[in-house]
Amino acid sequence: MTNNPTIQELSHEDRSFPPPADFAAAANAQAVEYEKAAADRIGYWEEQAQRISWETPFDTVLDWSDRPFAKWFVGGRLNAAYNCVDRHVENGLGDRVAYYFEGESGDTRTITYSDLLREVSKAANALTELGVKTGDRVAIYMPMIPETVFAMLACARLGAPHTVIFGGFSASAIADRVKDCGVEFVITADGGYRKGKPSALKSVVDEAMEDCPEVRNVLVVRRTGQDVDWNDDRDLWWHEVVDRQPEIHTPEAFDSEHPLYIMYSSGTTGKPKGIMHTTGGYLVGTSFTHWAVFDIKPDKDVFWTAADIGWVTGHSYIVYGPLANGATSVLYEGTPDTPHRGRWWEIVQKYKVSILYCAPTAIRSFMKWGRDIPAQYDLSSLRLLGSVGEPINPEAWMWYREHIGGNRCPVVDTWWQTENGSILISPLPGVTETKPGSAMRPLPGIVADVFDDEGNSVEPGNGGYLVVKEPWPSMLRTLWGDEERFKKTYWSQYPEVYFAGDGAKIDRDGDFWVLGRVDDVLNVSGHRMSTAEIESALVAHPKVAEAAVVGAKDEMTGQAIEAFVILRESADDGGDDVVNDLRSHVRSSIGPIATPRSIMIVPDLPKTRSGKIMRRLLKDVAENREVGDVTTLADSSVMDLIQKGMKES
Ligand code: WT7
């Protein structure tokens, strides 16, 4: 890994930015947090758990006896929705805004904590009437509208774990998740607005349901008013069932380890993993990090995570973290360039957003569109900027700081994963002197390191594998229905240490630089996908004999999907037609985000003598590099053929 060009590039970064003095003086988290956590890690988490209201206090902070299956805040009982909603209303904060909702087309709604309590209670009563019980899994396939939050919290209120499926996924991706999770109840909408047009959701669910006979009801929110097909035995309108419900619902407390949700994410095989989070630890992790990393002052700030609720970033920093802290958030339905490229900055100006959290891929788009666009808006309300999802290039970091943050806002590059539940490595904005491109330090209470193959800490400046050496409250507890895969994926590389799947280095100052995945997981615009998943989709096409997918460096999206495909002999060599067919086949079997940037029809694939595809060589081709060592190939002429084909196309 020491030859990795990225590491060489990064080691030349010598710019650094201390927190502004006034920010530092008023910051929630001061340097003492690190000392307290280092002196007594378990005691530190016990103290953080006081951010949450427990109906029954816990008696043990951590039970790690059955490792790698952790139990946090053992014996405690609580309700997640109560913590996110009711208790703020009880504390006299009912009139505080929970969400400023901004539809893509400009329609708006302001939802206070009292409104939220009423809507969540009605939705919980409706789900109960429809037979949803504690422990049942509920799938949610929705646009970015307030009902999505109501639905999630109604599930949490009943102890029915939700599994939110990103609105960009296809019918077969929905069906896979619904079946894997044993879902019998689905919540969706007729559609949502995307890029200025209504885009359908219900019809995608309808298609998925052909394969899911176990689903008894589909509850449908009317958002766009577009025509939908209707199955009288199965489908119900949200407004017909929810609106007539009583506004009072008494939440029940559940065990701290009761499952809160399952979020599917790509792993290294074709089958997505059902990452399971539980209640107490997850709420402690999200509320603590939202306080420490985002310096949230709930009575003053307007917080905006510009991500989709269908991903973990939205779960933790649009829904659970901000609501647990009684904060005010922006919820925006649409894309950054609809109806114009200043849309985000218009929203910042309109709601006086003070903290913005988004992905490097968005920042790179804004860079491309030019600094003149944000310059037309008043962004002076901003005081803190965050980044998440992939390594942020130092130049994008600098641009974000200068053209969005006016050189006045600290930038926090936050590293974490769906599995982690909440941020693990990040600057503390009032404490850390930041470096562009570095996620800096493990947060107080988090013990991370970079290991070599043998499980030793690497020397400063050398590359290795990012690991977490001690359990943390918001860690995943298992993979739904697959304990073996849970153990194998995260806990088998090194004994009792969490293996993240990322390459990283620690520099001489002890700061972490995360370099990206070391496995076959791709990161395209901050969306996670596995090469195997896309390969399986390709191979499922009748014309395809074999497929290999690699991630190639891409200036805008971080990585781009490049596919190499061997056609079946029976398939006529249809040239562009085949390629277009295959592209739309991948779109419809996984979703638009999985569409390959290019598909190359090849006569053969580079394989080792044991038959393993050498993706490294294909990556060289896709990135226009000289092809590396081919001596382990079973047939070394294969690469010549592929490269020849590449030049001709
Ligand atoms: C992978 C996790 C949880 C946030 C959304 C993505 C990459 C995430 C950073 C960062 C470098 C990052 C890693 C990680 N990643 N944040 N600040 N710097 N890389 O969640 O879909 O579970 O993906 O995203 O490669 O393993 P996810």
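Residues numbered from 1 in each chain as written. Predicted model: local features only at pLDDT ≥ 70, side-chain atom pairs only at ≥ 80, totals over all residues. Heavy atoms only, no water.

Novice: For this particular structure, what's the right way to read the environment of Ile 404?
Specialist: Mapped onto the fold, Ile 404 is located in helix H16 (residues 394-404). Overall, Ile 404 belongs to the buried group, its relative accessible area being 2%. With 29 residues separating them along the chain, Ile 404 and Ala 375 place their C-alpha atoms 8.3 Å apart. In this structure Ile 404 touches Trp 345, Leu 356, Pro 374, Leu 379, Leu 382, Leu 385 and Trp 399, once residues within four positions along its chain are discounted. (Helix = DSSP H or I, 4+ residues; strand = E, 2+ residues; numbered from the N terminus. Buried < 20%, exposed > 50% of the residue type's maximum accessible area, 1.4 Å probe, protein only. Contact = heavy atoms within 4.5 Å.)

Novice: Quick question: what am I supposed to make of the sheet that holds strand S24 (residues 498-506) here?
Specialist: Across a sheet, paired strands are connected by hydrogen bonds in the backbone, their directions being either parallel or antiparallel. Read from one edge of the open sheet, four strands run S21-S22-S24-S25, paired in antiparallel fashion. If you trace the sheet from one side to the other, it starts and ends with strand S21 (448-451) and strand S25 (512-517), each paired once. The sheet shows a mean angle of 45° between the axes of neighbouring strands, taken without regard to direction. Pairing between S24 and S25: five bridges, direction antiparallel. Paired with Asp 502 across the two strands is Arg 517, which belongs to S25. (Pairing = 2+ DSSP bridges. Axes fitted to C-alpha atoms, helices over the stretch in contact; angles between N-to-C directions.)

Novice: So what exactly am I meant to see when it comes to the packing of aromatic side chains here?
Specialist: What characterises a pair of aromatic rings is the spacing of the ring centres plus the angle enclosed by the ring planes. Applying the stated criterion across every chain, the model contains 38 aromatic pairs. Relative to Phe 73, the ring of Phe 58 has its centre 4.9 Å away and its plane inclined at 55°; by these criteria the two rings are tilted. Taken together, the positions of Phe 58 in the loop between helix H4 (41-48) and strand S1 (60-63) and Phe 73 in strand S2 (residues 71-74) put the pair 15 residues apart, joining distant regions of the chain. What makes Phe 58 buried here is its relative accessible area of 14%. Phe 73 sits in the buried class, given a relative accessible area of 0%. A ring pair is formed by Trp 230 and Trp 237, whose centres lie 4.6 Å apart and whose planes are at 20°; its orientation type is stacked. Given the relative accessible area of 31%, Trp 230 is considered partly exposed. On the accessibility criterion, Trp 237 (12% relative accessible area) is buried. Sitting over the face of the ring of Phe 169, Arg 177 holds its NZ or CZ atom 4.3 Å from the ring centroid. Residue placement shows Arg 222 over the ring face of Trp 237; its charged tip is 4.7 Å from the ring centre. (Phe/Tyr/Trp six-rings, centres within 6.5 Å; stacked < 30°, edge-to-face > 60°. Lys NZ or Arg CZ within 6 Å of the ring centre and 35° of its normal.)

Novice: Please clarify how the site of the ligand should be interpreted in this entry.
Specialist: Close contacts around the ligand come from 17 residues, with Asp 413, Thr 414, Thr 418, Asp 502 and Arg 528 the closest. In the environment of the ligand, an oxygen atom lies 2.6 Å from a nitrogen or oxygen atom belonging to the side chain of Asp 502. Between Arg 528 and the ligand, the recorded distance is 2.7 Å, taken from a side-chain N or O atom to an oxygen atom. Alone, the ligand offers 550 Å² of accessible surface; in the complex the protein occludes 96% of this. Contributing elements (two or more residues each) for the shell around the ligand: helix H12 (312-324), strand S20 (411-414) and S25. (Near = heavy atom within 4 Å. Polar contact = N/O pair within 3.5 Å; in protein donor to acceptor, adjacent residues only side chain to side chain. Areas by Shrake-Rupley, 256 points an atom, 1.4 Å probe, with all protein chains shown as cover.)

Novice: I keep staring at the pairing of strand S16 (residues 302-305) and nothing clicks. Help me out?
Specialist: Burial along S16 is two-sided: Val 302 and Trp 304 facing one way and Phe 303 and Thr 305 facing the other are all buried. After leaving S16, the chain enters H12 and then returns to the sheet as strand S17 (residues 328-332), a path that is right-handed. Direction of pairing for S16 relative to strand S18 (residues 355-358): parallel, over a ladder of three bridges. Looking across to S18, one finds that Phe 303 is bridged to Ile 355. (Right-handed = clockwise from strand over helix to strand, strands pointing away.)

Novice: What should I look at first to understand helix H6 (residues 113-129) in this one?
Specialist: Helical geometry note: an α-helix holds 3.6 residues per turn, so side chains three or four residues apart project in the same direction. Between the first and last C-alpha of H6 there are 24 Å, a value that for 17 residues agrees with the 24 Å anticipated at 1.5 Å per step. Extensive coverage of H6 is indicated by the burial of 13 of its 17 residues. Looking one or two residues beyond H6, the residue adopting positive phi is Gly 131, at roughly 90°. (Expected span 1.5 Å × (residues − 1).)

Novice: Explain the UniProt feature "binding site: ATP" (unreviewed entry) in the protein chain to me, please; I cannot follow it from the model alone.
Specialist: Mapped onto this numbering, the UniProt entry gives "binding site: ATP" (unreviewed entry) at Gly 389, Glu 390, Pro 391, Asp 413, Thr 414, Trp 415, Trp 416, Gln 417, Thr 418, Asp 502, Arg 517 and Arg 528. Tracing the sequence through the fold places Gln 417 in the loop between S20 and S21. Classification of Gln 417 as buried rests on a relative accessible area of 6%. Residues within four places of Gln 417 in sequence aside, it is in contact with Val 312, Tyr 498, Ala 500, Asp 502, Arg 517 and Arg 528. Here Arg 517 is to be found in strand S25. Once you skip the residues sitting within four places of it in the chain, Arg 517 turns out to touch Gln 417, Ala 500, Gly 501, Asp 502 and Arg 528. Of note is the side chain of Arg 517, whose polar atom sits 3.5 Å from the backbone oxygen of Gly 501. (UniProt positions renumbered as here; feature names shortened; annotations may be inferred.)

Novice: Just checking my understanding: could you explain the UniProt feature "domain: AMP-dependent synthetase/ligase" (unreviewed entry) in the protein chain for this structure?
Specialist: Per the UniProt record, the feature "domain: AMP-dependent synthetase/ligase" (unreviewed entry) sits at residues 92-472. Helix and strand shares over residues 92-472 are 30% and 23% respectively, and the end C-alpha atoms of the span are 32 Å apart.

Novice: Would you explain unusual backbone geometry in this entry?
Specialist: In terms of backbone geometry, most residues other than glycine have negative phi values and most peptide bonds are trans. With an omega of 5°, the peptide bond between Arg 67 and Pro 68 qualifies as cis. By secondary structure assignment, the location of Pro 68 is in the loop between S1 and S2. Despite not being glycine, Lys 195 shows a phi value in the positive range, around 55°. Examined against the element boundaries, Lys 195 turns out to sit in the loop between strand S9 (191-194) and strand S10 (197-200). A positive phi angle, close to 50°, is found at Lys 352, a residue other than glycine. Along the chain, Lys 352 falls in the loop between helix H13 (343-351) and S18.

Novice: How should I be thinking about the pairing of strand S4 (residues 97-102) in this particular structure?
Specialist: Walk down a regular strand and you will see the side chains alternate between the two sheet faces. Of all six residues making up S4, five are buried, and the element is well covered by its neighbours. Note: S4 against strand S5 (residues 108-112), five bridges, orientation antiparallel. Its bridge partner lying in S5, Glu 102 is registered against Thr 108. Two successive antiparallel strands, S4 and S5, enclose a turn made up of five residues, where Gly 106 displays a positive phi of approximately 100°. Pairing of S4 with S17, which is carried by four bridges, proceeds in the parallel orientation. Paired with Glu 102 across the bridge in S17 is Tyr 332.

Novice: Help me understand the packing of helix H5 (residues 80-93) against H12 in this model?
Specialist: Helix packing for two helices is described by the angle between their axes and how far apart those axes are. Their axes nearest at 8 Å, the elements H5 and H12 cross at an angle of 55°. In terms of axis orientation, H5 runs oblique to H12. Along this stretch, H5 crosses H12, giving a crossing that reads as left-handed. The segment H5 lies against H12, with Ala 80, Asn 83, Cys 84, Arg 87 and His 88 engaging Tyr 320, Leu 323 and Ala 324. Classifying every residue of the contact of H5 with H12 by side-chain character gives five nonpolar, two polar and one charged. (Parallel < 35°, antiparallel > 145°, perpendicular 65-115°, else oblique. Left-handed = near helix turned anticlockwise from the far one by under 90°. Nonpolar A, V, L, I, M, F, W, Y, C, P; charged D, E, K, R; others polar.)

Novice: In this structure, what is going on with the nonpolar core? I would like to understand it.
Specialist: Taken as a class, soluble globular proteins show a tendency for nonpolar side chains to be buried jointly. The biggest cluster of nonpolar side chains holds 165 residues, and the ones touching the most others in it are Leu 153 and Tyr 320. With nine residues, the single largest contributor to this core is helix H7 (residues 146-158). Apart from residues no more than four positions distant in its own chain, Leu 153 is found in contact with Ala 81, Cys 84, Val 85, Leu 116, Val 120, Val 319, Tyr 320 and Leu 323. Grouped together as the second largest cluster of nonpolar side chains are 32 residues, Val 330, Ile 347, Phe 366 and Tyr 377 included. (Core = buried A, V, L, I, M, F, W, Y, C linked by side-chain atoms within 4.5 Å.)

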